[in-house]
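Working through the structure, step by step
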Amino acid sequence: MQGYVLRVLPARGEDVKVWLLTRERLVRAYRFYGARHSVVTQGYKLDFELESMGASSGVRLRNALHLGFSWLGERERLQAWQNFVGELGKHLRGIEELDPFYFELLDECARRFTRQNPERVVVEAYLRLLDFEGRLHEDLRCVFCGGTAEDKVCLTQGFSPAHPRCAPRFKFETSIIKRLFKTQSTAEMSDEIVQELYYIVLEGF
């Protein structure tokens, strides 16, 4: 079985609890002496086995093998990756069965991280996620007053649009955001705008 480590929390002693995103479900497992093993790290993709710990004790993570990526040694890429994976973990918390979309989205992002700007990859992946979940506000109506967007628009958590007077923050050109939501591509955007979008992603899904 393969999965991405979304979250790691300390348990007793050096043991840890691990949340893994597999193709069709979110697995919560126990790892004995996990604090000693660098393979159990947020964002890592693992090949692993699960072993039952009894009817009421859940499952144990065993024979975990790290399926590494070439860019993991690059600090900025790793940080952007762990930020994105961490927010995805919060978003999926409490869910067990999942559509393969989420696993495949991380697979695609991991491949693109090799050569592309990580912040652009994260922003585009987030747009795909919002679109998949039916939460992408393509009409750009202000989520506070319901009015239509004017020449400038602000984006709040979840890329929810707002008038600058309703939610004063970084102002984007409305035409740029309309094109972004339609194409889900940052190719025509400056690094400054992409960075502002990336910061909004980190506010939560």
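Here the structure is shown first, and the text comes after it.
Residues numbered from 1 in each chain as written. Predicted model: local features only at pLDDT ≥ 70, side-chain atom pairs only at ≥ 80, totals over all residues. Heavy atoms only, no water.

Describing the packing of aromatic side chains
Operational definition: Pairs were defined over the aromatic rings of Phe, Tyr and Trp, the Trp ring being its six-membered one, requiring ring centres within 6.5 Å. Orientation was assigned from the angle between planes: stacked under 30 degrees, edge-to-face over 60, tilted for the rest. The numbering of helices and of strands both runs from the N terminus, where a helix is a DSSP run of H or I of at least 4 residues and a strand a run of E of at least 2. Only protein chains enter the area calculation, which uses a 1.4 Å probe; residues under 20% of their type maximum are buried, those over 50% are exposed, and those in between are partly exposed.
What the rule picks out here adds up to 16 aromatic pairs. When the centroid spacing of 5.8 Å and the interplanar angle of 90 degrees are considered together, the rings of Tyr 102 and Phe 132 count as edge-to-face. Placement of Tyr 102 in helix H2 (residues 101-112) and of Phe 132 in helix H3 (residues 118-132) is noted, with a sequence separation of 30 residues between them. Owing to a relative accessible area of 39%, Phe 132 belongs among the partly exposed residues under this scheme. Seen in terms of ring centroids, Tyr 126 and Phe 205 are 4.9 Å apart; in terms of plane orientation they differ by 40 degrees. Their pairing is tilted.

Topic: the pattern of salt bridges
Close approach of charged atoms allows side chains with opposite charge to pair. Counted only if it meets this: By convention in these notes, a salt bridge is any Lys or Arg side-chain nitrogen within 4 Å of a carboxyl oxygen on Asp or Glu.
Scanning all chains against the criterion turns up 15 salt bridges. Put simply, Arg 62 and Glu 51 hold a salt bridge, and the shortest N to O gap is 3.7 Å. Of this pair, Arg 62 sits in strand S5 (residues 59-66) while Glu 51 sits in strand S4 (residues 45-52); the two residues are 11 residues apart in sequence, bridging distant segments of the chain. Taking the shortest distance from any N to any O, the salt bridge between Glu 173 and Lys 152 comes out at 2.8 Å. Placement of the pair is Glu 173 in strand S8 (residues 172-173) and Lys 152 in strand S6 (residues 152-156), with a sequence separation of 21 residues. Look at Lys 152 and you get partly exposed, because its relative accessible area is 29%. Counted as one network, the salt bridges with shared partners bring together Glu 49, Glu 51, Arg 60 and Arg 62.

Things to note about the sheet that holds strand S1 (residues 2-10)
In any sheet, the strands associate via hydrogen bonds between backbone groups, in a parallel or an antiparallel arrangement. Quick reminder of the rule: Two strands make a pair as long as DSSP finds a minimum of two bridges between them. Note on geometry: axes are lines fitted to C-alpha atoms, helical ones only across the stretch in contact, with angles between N-to-C directions running from 0 to 180 degrees. The contact criterion used throughout is that any non-hydrogen atoms of two residues lie within 4.5 Å.
The strand order around the closed barrel formed by 5 strands is S1-S2-S3-S5-S4, and the pairing between neighbours is mixed. Along the sheet, successive strands turn relative to each other by an average axial angle of 50 degrees, direction set aside. Alignment of S1 against strand S2 (residues 16-21), held across 6 bridges, turns out to be antiparallel. Paired with Pro 10 across the strands is Val 16, a residue of S2. Across the sheet, helix H1 (residues 75-92) is in contact with S1, S2 and strand S3 (26-31); its angle to S1 comes to roughly 80 degrees. Each of S1, S2 and S4 touches H2; the most contacted strand, S1, lies at about 95 degrees to it.

Some words on the sheet that holds S6
Within the open sheet, the 3 strands sit side by side as S7-S6-S8. Their pairing is antiparallel. A single partner strand is all that each edge strand has here, and the edge strands are strand S7 (160-162) and S8. Relative to S8, S6 runs antiparallel, the two being bridged by 2 bridges. Looking across to S8, one finds that Lys 152 is bridged to Glu 173.

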